[in-house]
Amino acid sequence: MGLLDILLGRTKPVVPDLDQLFALPSAAVTLEAAAGFTATGQGAVCFATVEGSAFEQTHREVQALLDADTERTGPPVRLQRDDFGYSWLVSERAPDQLSLLVNDLHAVNSAMEVNGFGPQLLCSLAGFEDADHRRLALVYLYKRGSFYPFAPLPGAGQRRDNALELQVKAALGNDLRLEQDLSRWFPVWGAPGL
């Protein structure tokens, strides 16, 4: 970045670091100790839907790669579209297989990036739940290279448990690269895997 960029307030975009996803299993240990949340085994990668044969081919390759895992138990990887028009590639593992879930999320992101669809990647999330059945997601923002917690409140309506989100932020500050700009903590209402 040059002097002119500094004077004009321009910044370089953060380069995604997919290896940050591998910090999730150790963060999960901290999360369980600090707030009582354990992994659900569900996770998903969200991306802007793209039409075309190249994208469909990439999607089929990613799905085939993940479904070829001979140790996979439970449902196969599936593609879902949400009410906002985004696509989610959803993976489910046993709750004690968070490392394998992270491998799935990393593989999806990497394959999309390698095949030229990095700009369409939005976020990845891993689901957690506590003994009171409160839900929480740790969301990785692809374009920011950082995580944030998202805690929807149960029941009708779209409300968040902001106090819990801030508690999780404080607890995981040493485990994950957390997004400091709270305005970037976008709600992922109805996200599969949450």
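Residues numbered from 1 in each chain as written. Predicted model: local features only at pLDDT ≥ 70, side-chain atom pairs only at ≥ 80, totals over all residues. Heavy atoms only, no water.

## Thoughts on the nonpolar core
Heads up, the condition is: In this text, buried Ala, Val, Leu, Ile, Met, Phe, Trp, Tyr and Cys residues form a nonpolar core when linked through side-chain atoms within 4.5 Å. Buried, partly exposed and exposed residues are distinguished by accessible area as a fraction of the type maximum, computed with a 1.4 Å probe on protein chains only: under 20%, between the cut-offs, and over 50%, respectively. Helix and strand labels come from DSSP, where a helix needs a run of H or I of at least four residues and a strand needs a run of E of at least two; each type is numbered from the N terminus. Whether two residues are in contact is decided by their heavy atoms: any pair within 4.5 Å suffices.
Counting residues in hydrophobic clusters, the biggest one holds 40 residues, and the most contacted among them are Leu31, Phe128 and Leu176. Broken down by secondary-structure element, the contributors of at least two residues to this core are helix 2 (24-35), strand 1 (38-48), helix 3 (53-67), helix 4 (98-114), strand 4 (121-129), strand 5 (135-141) and helix 5 (162-171). Of all the elements, helix 4 adds the most residues to this core, at seven residues. Sequence-distant contacts of Leu176, defined by excluding residues within four places in its chain, comprise Ala23, Leu24, Ala27, Leu138 and Phe147. Counting residues in each nonpolar core, the second largest holds 15 residues, with Val90, Leu125, Phe150 and Trp185 among its members.

## With respect to the packing of aromatic side chains
Quick reminder of the rule: Each pair of aromatic rings taken from Phe, Tyr and Trp, with Trp reduced to its six-membered ring, is defined by centres within 6.5 Å and is described as stacked if the planes are under 30 degrees apart, edge-to-face if over 60, and tilted in the remaining cases.
A full pass over the atoms with the stated rule returns three aromatic pairs. The interplanar angle of 20° and the centroid separation of 6.1 Å between the aromatic rings of Tyr148 and Trp185 together place this pair among those described as stacked. Within this pair, whereas Tyr148 is found in strand 6 (residues 146-150), its partner Trp185 is found in the segment after helix 5, the two being separated by 37 residues in sequence. Exposure class is identical for Tyr148 and Trp185. Each is buried.

## Looking at the sheet that holds strand 6
This is how the line gets drawn: For two strands to be treated as a pair, DSSP must find no fewer than two bridges joining them. Each axis is a line fitted through C-alpha atoms, and for a helix only the stretch in contact is used; angles between axes span 0 to 180 degrees, taken between their N-to-C directions.
One open sheet holds the six strands; their spatial order is 2-3-1-4-5-6, and the pairing between them is antiparallel. Looking at the sheet topology across the chains shown, the edges are occupied by strand 2 (78-81) and strand 6. For this sheet the average axis-to-axis angle between neighbouring strands, irrespective of direction, equals 25°. The sheet contact formed by strand 5 and strand 6 spans five bridges and is antiparallel. Bridge pairing in strand 6 links Tyr140 to Phe147. The strands touched by helix 4 are strand 1, strand 3 (86-92) and strand 4; relative to strand 1, the strand with the most contacts, the crossing angle is about 5°.

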